[in-house]
Amino acid sequence: EDGGYIVAVPIQKALTGAYEVVYTDLGRNHGVQAGHVFSIIRKGTRGRQGGPARKIGEGRVVAVQPSSSSFWITRSDEPIRVGDRLERVVADAPP
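Residues numbered from 1 in each chain as written. Predicted model: local features only at pLDDT ≥ 70, side-chain atom pairs only at ≥ 80, totals over all residues. Heavy atoms only, no water.

Asks: Explain the sheet that holds strand 3 (residues 37–42) here, please?
Replies: One key point about sheets: their strands pair by backbone hydrogen bonds, in either a parallel or an antiparallel sense. Spatial ordering of the closed barrel is given by 1-2-5-4-3-6, a layout of 6 strands whose pairing is antiparallel. Adjacent strand axes in the sheet meet at a mean angle of 45°, parallel and antiparallel pairs treated alike. (Pairing = 2+ DSSP bridges. Helix = DSSP H or I, 4+ residues; strand = E, 2+ residues; numbered from the N terminus. Axes fitted to C-alpha atoms, helices over the stretch in contact; angles between N-to-C directions.)

Asks: Would you mind showing me how to read a nonpolar patch on the surface here?
Replies: On the surface, Tyr5, Val7 and Tyr23 cluster together into a nonpolar patch covering about 270 Å² of accessible area. Residue placement: Tyr23 occurs in strand 2 (residues 21–24). Given a relative accessible area of 38%, Tyr23 falls into the partly exposed group. (Patch = residues over 30% accessible without salt bridge, like charges linked within 9 Å, V, L, I, M, F, W, Y side chains within 5 Å. Areas by Shrake-Rupley, 256 points an atom, 1.4 Å probe, with all protein chains shown as cover. Salt bridge = Lys/Arg side-chain N within 4 Å of Asp/Glu carboxyl O. Buried < 20%, exposed > 50% of the residue type's maximum accessible area, 1.4 Å probe, protein only.)

Asks: Any chance you could explain the nonpolar core here in plain terms?
Replies: In a soluble, globular protein the nonpolar side chains are often hidden away together inside. Grouped together as the largest cluster of nonpolar side chains are 13 residues, with contacts concentrated most on Phe38, Ile40 and Phe71. Every element with two or more residues in this core is listed here: strand 3, strand 4 (54–64) and strand 5 (69–76). At 3 residues, strand 4 tops the list of elements feeding residues into this core. In contact with Ile40, not counting residues within four places along its chain, are Ile6, Arg54, Lys55, Ile56, Gly57, Glu58, Phe71, Ile73, Ile80, Asp84, Arg85 and Leu86. (Core = buried A, V, L, I, M, F, W, Y, C linked by side-chain atoms within 4.5 Å. Contact = heavy atoms within 4.5 Å.)

Asks: I tried to follow unusual backbone geometry on my own but got confused; where do I start?
Replies: Trans is the common state for peptide bonds, and a negative phi is the common state for residues other than glycine. Positive phi is not limited to glycine here, since Tyr19 has a value of about 70°. Within the secondary structure, Tyr19 is located in the loop between strand 1 (3–8) and strand 2.

Asks: Even after reading the chapter, I still don't get the pairing of strand 4, so can you show me in this structure?
Replies: In summary, the side chains of a regular strand alternate between the two faces of the sheet. Of the pairings in the sheet, the one linking strand 3 to strand 4 comprises 6 bridges and is antiparallel in character. Looking at strand 4, one finds that Arg42 is bridged to Arg54. Two elements, strand 4 and strand 5, share 7 bridges in a ladder whose sense is antiparallel. By the bridge assignment, Ala63 is partnered in strand 5 with Ser70.

Asks: Help me understand the pattern of salt bridges, please; the structure alone is not making it clear to me.
Replies: Pairing between side chains of opposite charge can happen when the charged atoms of each approach one another. A full pass over the atoms with the stated rule returns 6 salt bridges. With a shortest N-O distance of 2.9 Å, Lys55 and Glu58 are connected by a salt bridge. The partly exposed category is assigned to Lys55, whose relative accessible area is 38%. For Arg85, the salt bridge goes to Glu87, with nearest N and O atoms at 4.0 Å. Residue classification places Arg85 among the partly exposed positions, given a relative accessible area of 28%. Each of Arg42, Arg54, Glu78 and Asp84 takes part in a single network of salt bridges with overlapping partners.

Asks: What exactly am I supposed to notice about the environment of His30 here?
Replies: Tracing the backbone shows His30 in the loop between strand 2 and strand 3. On a C-alpha basis, the gap between His30 and Gly4 in space is 9.5 Å, while along the polypeptide they are 26 residues apart.

Next comes the structure, spelled out in structure tokens:
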């Protein structure tokens, strides 16, 4: 599995950004492990077609349950919201 979604943010936060923990719908059952890095992708919002999706941040999995995980945001260009997509960042294999 190489992608999922942010499904919960801290309830006391109106806007969530870098150095916060959020929760995802990816877990051990999806092959996710602590330390995995994901890009945070926001669907386009311009016009009827929505426009292109764009990377708005990055983070890493810090704790894994069977079907969810805790995710630490290491960089965010915009506030992170429920529904933002996660795409796994896979390090390049050595030559």
